[in-house]
Amino acid sequence: SRPHFTRLFKQETGMTPIRYLTNIRLQNAIFLLLNSNDTVESIALKCGFSCGNYFCKVFRKAMNISPLEYRHQNIS
C-alpha cells in the first residue's frame with residue numbers, strides 16, 4: 001500500500017518519496033542554471049515542475065534565494 005511504501009522509503013532514505021523526488025529535480029535544475037542559458041521557465045519544465053512560478057517557490061524555499069539570483073552569484 002502507499003502508506004507502507006512511504007514508511008519504508010522514509011526509513012531507508014530519511015525523507016518522503018516526494019521530498020526525494022523534489023531534491024533530485026532541484027539538483028538537475030541547479031546543474032542547468034549553471035551550465036545552460038535556458039530560461040527559468042524552460043528549466044522548470046525540463047526538471048518536472050509544473051510551471052516556472054512553482055519552481056521558483058520551491059527553489060527559494062530550499063535555497064533561500066531565487067533561481068536567477070543563484071545563477072548570477074555562481075557563474076563567474
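Check the entry above for the structure.
The sections below set out a description of the structure shown in this document. (Residues numbered from 1 in each chain as written. Predicted model: local features only at pLDDT ≥ 70, side-chain atom pairs only at ≥ 80, totals over all residues. Heavy atoms only, no water.)

**Observations regarding the environment of Ile-30**
Within the fold, Ile-30 resides in helix H2 (residues 17–35). In this structure the C-alpha to C-alpha distance between Ile-30 and Pro-67, which are 37 residues apart in sequence, comes to 8.1 Å. For Ile-30, the residues in contact, after removing those within four places along its chain, are Phe-59, Met-63 and Tyr-70. (Helix = DSSP H or I, 4+ residues; strand = E, 2+ residues; numbered from the N terminus. Contact = heavy atoms within 4.5 Å.)

**A short note on the pattern of salt bridges**
According to the stated counting rule, one finds one salt bridge in the structure shown. Notably, a salt bridge pairs Lys-46 with Asp-38, separated by 2.6 Å at the nearest N-O pair. By relative accessible area, which is 55% here, Lys-46 ends up exposed. (Salt bridge = Lys/Arg side-chain N within 4 Å of Asp/Glu carboxyl O. Buried < 20%, exposed > 50% of the residue type's maximum accessible area, 1.4 Å probe, protein only.)

**Regarding the nonpolar core**
Judged by nonpolar contacts, the single largest core of 15 residues is most densely connected at Leu-26, Ile-43, Cys-47, Phe-49, Phe-55, Phe-59 and Tyr-70. Among the elements that make up this core, the one with the highest residue count is H2 (five residues). (Core = buried A, V, L, I, M, F, W, Y, C linked by side-chain atoms within 4.5 Å.)

**Digging into the side chain of Arg-71**
Examined against the element boundaries, Arg-71 turns out to sit in helix H5 (residues 67–74). Buried within the structure, Arg-71 lacks any salt-bridge partner; its nearest side chain of opposite charge belongs to Asp-38, at an N-O separation of 6.5 Å. In this structure the side chain of Arg-71 is engaged in a polar contact, spanning 2.8 Å, whose partner is the backbone oxygen of Leu-33. Residues contacting Arg-71, with those up to four places away along its chain left out, are Leu-32, Leu-33, Ser-36, Asn-37, Asp-38 and Ile-43. (Lys, Arg positive; Asp, Glu negative; His and termini not counted. Polar contact = N/O pair within 3.5 Å; in protein donor to acceptor, adjacent residues only side chain to side chain.)

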